[in-house]
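Working through the structure, step by step
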Amino acid sequence: MNWAGLLDDLRTRRRGIGAFNAILIEHAEAVVAGAERSGFPVVLQISQNAVRYHGSLAPFALACLRLAETAAVPVLVHLDHIEDEDLIREGLDLGITSVMFDAAALPYAENVARTKAVVERCHAAGCRVEAELGEIGGKDGAHAPGVRTDPAEAVEFVAATGVDSLAVAVGSSHAMADRSAVLDEDLIAALAHRVPVPLVLHGSSGVPDEGLRGAVASGIVKVNVGTRLNQVLTASVRSALGEHATLTDPRRYLAPGRDAVRDEVARLLTLLANGGESTDCCA
């Protein structure tokens, strides 16, 4: 799959692709199943925090890569919000072909220098690199929710680093428990007009469907979703355990949770792939 060509095509046609974070194997299976149900490509993401949860990268990453290899639709396994450059090196050795290097909390000049070095290393290994400019709110308390990406600085950053896509701060925030975020669609449009690479929206779980529609129509290409999947999974598990007080077999409560996540992934992929247009598919 030519992912560079796909993302460039989506950018030109004002269409989007969903990128979903997996923590458990059930997440990963649900993301792939949701993509197969919708018929659209998907990005399956593993964050540095998920790696810490598992204690190492290889077991979970290799499982995700195998799921991607055998899927009926294109699945890109992507490392998300990686600050540890040793993890990137390990990912390259495992066959990862897409990473997000996060140096956004650093001073601008240091962000540029470190990101450029990562890009050179990754490109030599055939791996694409996403970076972040204008800190996205709510990430481990390190970012201010009011920060916005400056278009002129974004153009300069992409030129200086050679990144393949850029995560921008336009009003979303990580780990939101409700879908009340209001995005700056004028800023998205200005960034899309000036920045020559696909734009990425982080913190998309807090954005309602109409906001996602507007973001894609304005120029966002890759839409990251994590918290929303956890909410869906947890609600289903709570329901199953509430109905069956003596239930102990995890397959009995995780299976319906996995199915619920699958359905939400399919719904969101369809919405994004249709340029944010409303659709009854996979609801």
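Our subject is the structure that appears above.
This one's a predicted model, so the numbers in the text were calculated from it and none came from an experiment. (Residues numbered from 1 in each chain as written. Predicted model: local features only at pLDDT ≥ 70, side-chain atom pairs only at ≥ 80, totals over all residues. Heavy atoms only, no water.)

Describing the pattern of salt bridges
The criterion, for reference: The salt bridge definition used is simple: a Lys or Arg side-chain nitrogen within 4 Å of an Asp or Glu carboxyl oxygen. Note on conventions: DSSP H or I runs of at least 4 residues are helices, E runs of at least 2 residues are strands, and numbering of each starts at the N terminus. The classification of residues rests on relative accessible area computed with a 1.4 Å probe and restricted to protein chains. Under 20% of the type maximum is buried, over 50% is exposed, and intermediate values are partly exposed.
Overall, the coordinates contain 14 salt bridges when judged by the stated rule. When the shortest N-O distance is used, the salt bridge between Arg13 and Asp9 registers 2.9 Å. With Arg13 and Asp9 both in helix 1 (residues 3–13), this residue pair falls four residues apart, about one helical turn. For Arg13, a relative accessible area of 42% translates into the label partly exposed. The exposure class of Asp9 is partly exposed, given its relative accessible area of 35%. Among the salt bridges present, the one from Arg121 reaches Glu85, with a minimum N-O distance of 4.0 Å.

Some thoughts on the sheet that holds strand 8 (residues 220–225)
For clarity, the cut-off: We treat two strands as partners when DSSP finds at least two bridges between them. Orientation is described by axes fitted as lines to C-alpha atoms, over the contacting stretch for helices, and by angles from 0 to 180 degrees between their N-to-C directions. Here, residues are in contact when the closest pair of their heavy atoms is within 4.5 Å.
What the eight strands build is a closed barrel, ordered 1-2-3-4-5-6-7-8; its pairing is parallel. Pairs of neighbouring strands in the sheet enclose a mean axial angle of 25°, with direction left out of account. Bridge count for strand 1 (residues 17–21) against strand 8 is four bridges, and the pairing is parallel. The partner of Ile17 across the bridge, within strand 8, is Lys222. Sitting on the sheet, helix 6 (residues 108–124) touches strand 4 (98–101) and strand 5 (128–133), and the angle it makes with strand 5 is about 170°. Taken strand by strand, helix 11 (residues 250–273) contacts strand 1, strand 2 (42–47) and strand 8, and its axis lies near 150° from that of strand 1.

Side note on helix 5 (residues 85–94)
Our working definition: What the arc covers is the set of directions going from the helix axis to the C-beta atoms. Whenever a nitrogen or oxygen atom comes within 3.5 Å of another N or O atom, the pair is scored as a polar contact, on the condition that within protein one atom can donate a hydrogen and the other can accept it, and that pairs from neighbouring residues in sequence are kept only if both atoms are in side chains.
Of all the positions in helix 5, only Glu85, Leu87, Ile88, Gly91 and Leu92 are classed as buried. The buried side chains of helix 5 occupy one side of the element, clustering within an arc of 150° when seen end-on. As for helix 5, its buried residues are in contact with helix 3 (48–54), strand 3 (75–82), strand 4 and helix 6. The opening residue of helix 5 is Asp84, an N-cap whose side-chain oxygen sits 2.9 Å from the backbone nitrogen of Asp86. Looking at the residues trailing helix 5, positive phi occurs at Gly95, about 105°.

Some words on the packing of aromatic side chains
Under the convention used in this document: Between the rings of Phe, Tyr and Trp (Trp by its six-membered ring), a pair exists once the centres lie within 6.5 Å; its type follows the angle of the planes, with under 30 degrees stacked, over 60 edge-to-face, and the other angles tilted.
If you walk through the whole model with that rule in mind, you get one aromatic pair. Their ring planes at 55° and their centres at 6.2 Å tell us that Tyr108 and Phe157 sit as a pair that is tilted. Residue Tyr108 is located in helix 6, and its partner Phe157 is located in helix 7 (residues 151–161); the two are separated by 49 residues in the primary sequence. The exposure class of Phe157 is buried, given its relative accessible area of 0%.

Describing helix 10 (residues 227–243)
Convention followed: To estimate the expected span of a helix, subtract one from its residue number and multiply by 1.5 Å.
Between its first and last C-alpha, helix 10 extends 24 Å over 17 residues, near the 24 Å set by a 1.5 Å rise per residue. Those residues of helix 10 that fall on the buried side of the exposure criterion are Leu229, Val232, Leu233, Ser236, Val237 and Ala240. Each buried residue of helix 10 lies within a common arc of 125° when the element is viewed along its axis, so the set occupies one face. Facing away from the buried side of helix 10 by over 90 degrees, the exposed positions are Arg238 and Gly242. Residues of helix 10 that are buried in the fold lie against strand 1, helix 2 (25–38), strand 8 and helix 11.

Here's the deal with the pairing of strand 2
Rule in force here: Place the viewer so that the strands point away; then a crossover is right-handed whenever the path from the first strand over the helix to the second strand goes clockwise.
Of all six residues making up strand 2, six are buried, and the element is well covered by its neighbours. Burial of strand 2 is two-sided: the residues Val42, Leu44 and Ile46 facing one way and the residues Val43, Gln45 and Ser47 facing the other way are all buried. Pairing geometry for strand 1 and strand 2, over three bridges, is parallel. Looking across to strand 2, one finds that Ala19 is bridged to Val43. Considered for its hand, the β-α-β crossover made up of strand 1, helix 2 and strand 2 is right-handed.

Looking at the pairing of strand 3
Where burial is concerned, most of strand 3 is hidden: eight out of the eight residues are buried. Summarising the sheet, strand 2 and strand 3 pair through six bridges and their orientation is parallel. When the sheet's bridge partners are listed, Ile46 is paired in strand 3 with Leu79. Pairing of strand 3 with strand 4 involves two bridges; the strand directions are parallel. Residue pairing across strands places Leu79 opposite Val99, the latter belonging to strand 4.

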